[in-house]
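Residue-level listing of the chains:
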Amino acid sequence: MKTEKFIDLKGGLKHTASSAQIKSDGSLVIELHDFSSEAEKWLGNEVAFLLRVSHSDKSKMLSCLLAGQSQMLDQSQEDDLLLQLIGERFTDYYEVKQWIEENKIPYEKEFDPWA
C-alpha cells in the first residue's frame, strides 16, 4: 500500500488552511479548508475546495516547476520533490490554482460541503 504524503502551505486568507497531498492513488490534491464564520453562515458548516491533478499529469507539473530540468528520480522521490517545490513556491490554494491554469496543467475541481 502506498503511503500518502502531506504538507501545509504557509499563508492564505484568515480562517482558512491550504495543503498539498499525494494521495494513495498517486494523484496530487491541493486543498483549501474554509472554517470561517462566513462559510458557516452561508454554507452551513466548514467546507473544502480541492484541485486534483492526476497521477499522469504530476510529471508535467514537476517539469514546469523545474523549468524543464530533467531529474532521474523514482516515483517516491518525484512526489517528495513536487511537494517540496509546491511548499517553497506557493503560499495557498489560490496561488497554486492560478499557476496550474497558467501552465495548462489538467486538473479536476471538487467541493466538499461537509469538511
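Residues numbered from 1 in each chain as written. Predicted model: local features only at pLDDT ≥ 70, side-chain atom pairs only at ≥ 80, totals over all residues. Heavy atoms only, no water.

## Some points on the overall build of the chain
The condition is simple: In DSSP terms, a helix is any run of H or I states spanning at least four residues, a strand is any run of E spanning at least two, and both are numbered starting from the N terminus. Each residue's exposure class comes from its accessible area (1.4 Å probe, protein chains only) as a fraction of the maximum for that residue type: buried when under 20%, exposed when over 50%, partly exposed otherwise. Whether two residues are in contact is decided by their heavy atoms, any of which lying within 4.5 Å being enough. Note that accessible areas follow from Shrake-Rupley with a 1.4 Å probe, and for residues the cover is restricted to the protein chains shown.
On a plain count of helices and strands, the chain comes out with four helices and five strands. Shown N-terminal to C-terminal, the secondary structure of the chain runs as helices and strands in the order β-β-β-α-β-α-α-α-β. Counting across all 115 residues of the chain, residues that qualify as buried make up 37%. For the chain, long-range pairs separated by at least 24 residues make up 55% of all intrachain contacts whose partners lie at least 6 apart in sequence. As presented, the chain carries roughly 6,900 Å² of accessible surface, and 52% of it is formed by carbon and sulfur atoms.

## Topic: the confidence of the model for the chain
Going by this rule: The predictor attaches a confidence to each residue, called pLDDT, with possible values from 0 through 100.
On average, the chain scores 85 in pLDDT, and the residues at 70 or more come to 82%. Within the chain, no element has a lower average pLDDT than helix α1 (residues 37-43), which sits at 58, and none a higher one than helix α4 (residues 93-102), at 96.

## Observations regarding the pattern of salt bridges
Cut-off, in case you're wondering: Any Lys or Arg side-chain nitrogen located within 4 Å of an Asp or Glu carboxyl oxygen qualifies as a salt bridge.
Following the criterion strictly, the structure yields five salt bridges and no others. A salt bridge links Asp80 to Lys5, with the shortest nitrogen-to-oxygen separation between them at 2.8 Å. Remark: Lys5 occurs in strand β1 (residues 5-9) and Asp80 occurs in helix α3 (residues 75-89); sequence separation between them is 75 residues. Note on Lys5: relative accessible area 18%, which makes it buried. Note that Glu101 and Lys97 form a salt bridge whose closest N and O atoms lie 2.9 Å from each other. Placement of both Glu101 and Lys97 in helix α4 is noted, with a separation of four residues, approximately one turn of the helix. Residue class for Lys97 comes out buried when judged on its relative accessible area of 19%.

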